[in-house]
Amino acid sequence: MERGFLEQLGCFSDVDRDPRGRVITIAYYALVQKGAVKGGDDARNAQWFPIDDVPQLAFDHEKILRMALKHLKEQIHFQPIGFELLPDVFTMSQLQALYEAILEVHFDRRNFANKMLKLGILKETGDRPKDAARTVPVHYRFNPDKYKEMKSKGFRLEF
């Protein structure tokens, strides 16, 4: 499966959006795995923030961020974008935490796991010993072929 997700968000062109002069922005959003942040110029202090703890942003950047989040929440039902942020092999709790963070909801652990397993879009990796304690998590991989098959039949991921 090709990794990565990039989507055009929109054009922002309000005349007074930047007090320094007329600025037109074509905004995109991308899903990337969290890593080191290195900004330049006026972004030299760039860093990651929890979505519910983003500091005050300049100009209309808060509006752009909120629009990107809205689009992400919509797209997660139509594309397997949540899996782009996980390692190739992941646990159910990692998957659940990701979907909870994107959708800003809390799922019951058992219901979430049952739903995901019933869809058939996860494959166990077999890394967990059969006699392992229940506290040792099962590891999974995303099954893109099964997902494509389901999408061709009109599948939409609902929570």
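Residues numbered from 1 in each chain as written. Predicted model: local features only at pLDDT ≥ 70, side-chain atom pairs only at ≥ 80, totals over all residues. Heavy atoms only, no water.

## Comments concerning the packing of helix α2 (residues 92–103) against helix α3 (residues 109–119)
Any two packed helices are characterised by the angle at which their axes cross and by the distance between the axes. Here α2 crosses α3 at 100°, and the two axes come no closer than 10 Å. On the basis of the axis angle, α2 is roughly perpendicular to α3. Counting all contacts with α2, which are made through Met92, Leu95, Gln96 and Tyr99, the residues of α3 involved are Arg109, Phe112, Ala113, Met116 and Leu117. For the contact of α2 with α3, the residue count by class is seven nonpolar, one polar and one charged. (Axes fitted to C-alpha atoms, helices over the stretch in contact; angles between N-to-C directions. Helix = DSSP H or I, 4+ residues; strand = E, 2+ residues; numbered from the N terminus. Parallel < 35°, antiparallel > 145°, perpendicular 65-115°, else oblique. Contact = heavy atoms within 4.5 Å. Nonpolar A, V, L, I, M, F, W, Y, C, P; charged D, E, K, R; others polar.)

## Brief notes about the sheet that holds strand β3 (residues 90–91)
A sheet is described by the order of its strands in space; here three strands give the open sequence β3-β5-β4, paired in antiparallel fashion. Both outer strands of the open sheet, β3 and β4 (122–124), are each paired with one neighbouring strand and no more. Examined bridge by bridge, β4 and strand β5 (residues 139–142) share three bridges and lie antiparallel to one another. Residue Leu122 lies in a different strand from β5, and its bridge partner there is Phe142. (Pairing = 2+ DSSP bridges.)

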